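As a plain string of letters, each chain reads:
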Amino acid sequence: MNPPSQTAPATPATDELRRSHGPLVTAWSQRPATALRSIVPDGDWSSIDRRLLDAFVAQAATEAARDDRAATPWPQPLFSQYSAYPLAGERISYETAVGDRLARLSRSVVLAAASAAGVAVPAPHDPLAEVADGLWLLAEQTTWCWAAHDDAFSRFGTVTPSLDEPFLDLGAGEAVAAVAWAIAVLGDELDERYPGLTDRLRAEAEQRVFRPFLDRDDWHWLGLDVDPDGEPVVLHNWNPWILGNTIAAAAVLCSPDRAELVIDRAVGGIDRYLAGLPRDGAIDEGWEYWWNGAARALEAVETLDRLAGGRLALDDLDLLPESLRFPLRMQLSADWYVNVADARARGDRSLPFDLLHRWGRRLELPDVVAYATAHRDPGAPVGTDRAGLGRLVRVCLDRAWAVADARNATLPLPASVDLPSIGVGLAREHDGRSDGLAVSLKGGHNDENHNHNDLGSVIVALDGVPAVIDPGRPTYDARTFGPDRYDIWCMRSDWHSVPAPRGLLQQHGPEFAARDRRGGDHGAQASWSMDLAAAYGLAEHEHWRRTATLDRTASRVVIEDVWTLDDPAGTAVTLMLWGDVTEVDQASLRVRRPVADVRDVMLQHDATEVAIEVVRLDDPMMRSSWGDTITRVRLLPRPDADRLLVTVEAAR
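Just so you know, these numbers come straight off a predicted model, no measurement behind them. (Residues numbered from 1 in each chain as written. Predicted model: local features only at pLDDT ≥ 70, side-chain atom pairs only at ≥ 80, totals over all residues. Heavy atoms only, no water.)

> Before we go on, may I ask you to explain the packing of helix α5 (residues 92-116) against helix α8 (residues 170-193) in this structure?
The packing of two helices is summarised by the inter-axis angle and the distance between the axes. At a minimum axis distance of 10 Å, the contact between α5 and α8 shows a crossing angle of 15°. Here α8 runs roughly parallel to α5, going by the angle between their axes. Viewed along their axes, α5 and α8 form a crossing whose handedness is left-handed. In this structure, α5 contributes Leu-102, Leu-105, Val-109, Ala-112, Ala-113 and Ala-116 to the contact, and α8 contributes Glu-174, Ala-178, Ala-182, Val-185, Leu-186 and Glu-189. The residue inventory of the contact of α5 with α8, partitioned by class, reads 10 nonpolar, no polar and 2 charged. (Axes fitted to C-alpha atoms, helices over the stretch in contact; angles between N-to-C directions. Helix = DSSP H or I, 4+ residues; strand = E, 2+ residues; numbered from the N terminus. Parallel < 35°, antiparallel > 145°, perpendicular 65-115°, else oblique. Left-handed = near helix turned anticlockwise from the far one by under 90°. Contact = heavy atoms within 4.5 Å. Nonpolar A, V, L, I, M, F, W, Y, C, P; charged D, E, K, R; others polar.)

If you want it as structure tokens, here you go:
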């Protein structure tokens, strides 16, 4: 979730909320009374993964001398890129330039650390000088805040950031963390060669991050706001992402007393985030955002444990195992996921699976270890320069992850998953295997983080590849997190696999919710159902019950809609499909799969009319999952009907 364009006035927080001491606050307060330790994990830079090092050396060689004439300039975020957001709503060019700059700094830190440890680094230039250049550029960068988050546009009417009142967002958190990890790894060498550089960076961090963090109570991600009923406002990924980076930065860049103030406040905020996580471990932002939400909280706990000398008591954090299992529970197959909210359907093997591997080892969770290991390609580098310097340092020093081998792991792929906190059920035909059918049905409400109006959405996969799909999200722009969000076509219910009673669209808000959710896995069949009437604002006496069933005996998925409507005119059921869709006959559709060695899908239905529309995709984010096209099918029932049935099975 992104903030509104203007910082909302602080909602008065109750004394009880401010004083709340959950398990993380308790564990941190009971740490041994010693000075804070280094945030850098134990490990040997001299045993760094050679594939990663070679990739970074090759990139450094390209940057150092282009055509044997001149070095490649550092990425330079431009004012035209920054102002493109307030002027035109475009955010990607600025964030890409900032990300490229941080990636080059990350590579340089790793090369300098390996070189200092005695590894032969045949870089054509001095990596420590490269680090110093990158840090100096960060110190000179006008703002660390990403343009899409800065409140200066609405507060001051400018298209420039405020130097006196900087906004603390994800971008500022990433920048200050990069500074901190670079100094934590190389501080002595930097101070010896470049006296005053780290002092300059500490001053910038104080002005841009620590002072605003301590001075303001109205940060929406801090967890101090309460709703009109006095309940804490539900938190999202900004909380652990910013606070985890702030903890690491304070430990490195602040004086001991200042660090204690900053870290204690950040620990309280993450404690509130953890308290809001449901017991089933799910997050409403979707599987992909787990990596920048719950995973960031886990990284913060890792940092705190490191600062406490490895003696942070975590026994009361009993929700950790279920949270760690959320990504694997959303997996359809090696490369595909149930993509609710803004998550993508296609997996990303560059994600920091080493984090799950470490926590799975620590908590002795073999399914989590297996899931992480299945994503470790021994022929590929252990990590990436795009994930942030902290994540890169951790993976470089994690020897157990470096020797993990996907050939020795099997994906867990549980037979069924039931996550009542977000109203998602998933069942597959075969336990531990991706072949055969799998179906998911989504409930919840239409005010979730990264919400799409998609209640009742069905995803059906065959042989691990989605056929009935959720299209996912496009590239973010100014509309995405503002009042125009639902002007974006793929956020609306008519572009999800859901019904349209009387042709109505689902509406946005917590009151537009799925009700009376039932079901579970009963062996031969797994089935979930829910009443969707409230999602469309239907009258109290009207009903629309959707049921999705996996019949393992018959190798068939059945989607059944049953309704009671005052006037059913205009009613339809939408199916979003991936593949070449053809009508076999009046009651049958065939979906020819766009993936080799995956069986075609047959859909049977009892609608009287079918409308098929091929949608050409031009957005790179959506194309990364689906390629050129997806297909929308609208099924229109008989005028006097009160139900519609769709079955999905493998073509024979």
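From this point, the narrative continues.
> When you look at helix α3 (residues 50-64) in this model, what are you seeing that I'm missing?
When the terminal C-alpha atoms of α3 are compared, their 20 Å separation across 15 residues agrees well with the 21 Å that a helix rising 1.5 Å per residue should span. All buried positions along α3 are accounted for by Leu-52, Leu-53, Phe-56, Val-57, Ala-60 and Glu-63. End-on, the buried residues of α3 take up no more than an arc of 130°, which puts them together on one face. (Expected span 1.5 Å × (residues − 1). Buried < 20%, exposed > 50% of the residue type's maximum accessible area, 1.4 Å probe, protein only. Arc of directions from axis to C-beta.)

> Explain the pattern of salt bridges here, please?
Pairing between side chains of opposite charge can happen when their charged atoms approach one another. Within this structure, the stated rule accounts for 57 salt bridges. Between Arg-296 and Glu-299 there is a salt bridge, and its shortest N-O distance comes to 3.8 Å. Residue Arg-296 and its partner Glu-299 are both found in helix α13 (residues 294-307); the two are separated by 3 residues, about one turn of the helix. Exposure class is identical for Arg-296 and Glu-299. Each is buried. Residue Arg-546 pairs with Asp-561 through a salt bridge whose shortest N-O separation is 2.8 Å. Separated by 15 residues along the polypeptide, Arg-546 in strand β13 (residues 543-551) and Asp-561 in strand β14 (residues 556-564) bring together distant segments of the chain. Look at the salt bridges and you will find they share partners, linking Glu-302, Asp-354, Arg-358, Arg-361, Arg-394 and Asp-398 into a network. (Salt bridge = Lys/Arg side-chain N within 4 Å of Asp/Glu carboxyl O.)

> Which parts of the structure should I look at to understand the packing of helix α9 (residues 197-215) against helix α11 (residues 256-276)?
The N-to-C vectors of α9 and α11 enclose an angle of 60°; their axes lie 10 Å apart at closest approach. In terms of orientation, α9 lies oblique with respect to α11. By crossing handedness, the relation of α9 to α11 is classed as left-handed. In this structure, α9 uses Glu-206, Phe-210, Arg-211, Phe-213 and Leu-214 to contact α11, whose residues at the interface are Arg-258, Leu-261, Val-262, Arg-265 and Ala-266.

> Just checking my understanding: could you explain the state of the cysteines for this structure?
Here is the idea: a disulfide is a covalent bond, and it sits between the sulfur atoms of two cysteines. A full pass over the atoms with the stated rule returns 0 disulfides. In this structure Cys-254 is not part of a disulfide, and its nearest cysteine sulfur, from Cys-145, lies 19 Å away. You can call Cys-254 buried: its relative accessible area is 14%. (Disulfide = S-S within 2.5 Å.)

> Help me understand the sheet that holds β13 in this model?
Pairing is antiparallel in the open sheet, where 8 strands are placed in the order β11-β12-β13-β14-β21-β18-β17-β16. The outermost strands of the open sheet, each flanked by one partner alone, are β11 (515-521) and β16 (580-585). Sheet twist, expressed as the average angle between the axes of neighbouring strands with direction ignored, equals 15°. Two elements, β13 and β14, share 9 bridges in a ladder whose sense is antiparallel. By the bridge assignment for β14, His-543 is matched with Thr-564. (Pairing = 2+ DSSP bridges.)

> Explanation requested: the nonpolar core in the structure shown.
Within soluble globular proteins, side chains that are nonpolar tend to cluster in buried spots. Counting residues in each nonpolar core, the largest one holds 163 residues, and the members touching the most others are Phe-210, Leu-253 and Trp-290. At 14 residues, the largest contribution of residues to this core is made by α8. Residues within four places of Trp-290 in sequence aside, it is in contact with Ile-283, Ala-295, Leu-298, Ser-323, Leu-324, Phe-326, Pro-327, Leu-355 and Leu-356. Among the nonpolar cores identified, the runner-up in size contains 44 residues, and Trp-528, Leu-577, Val-581 and Leu-644 belong to it. (Core = buried A, V, L, I, M, F, W, Y, C linked by side-chain atoms within 4.5 Å.)

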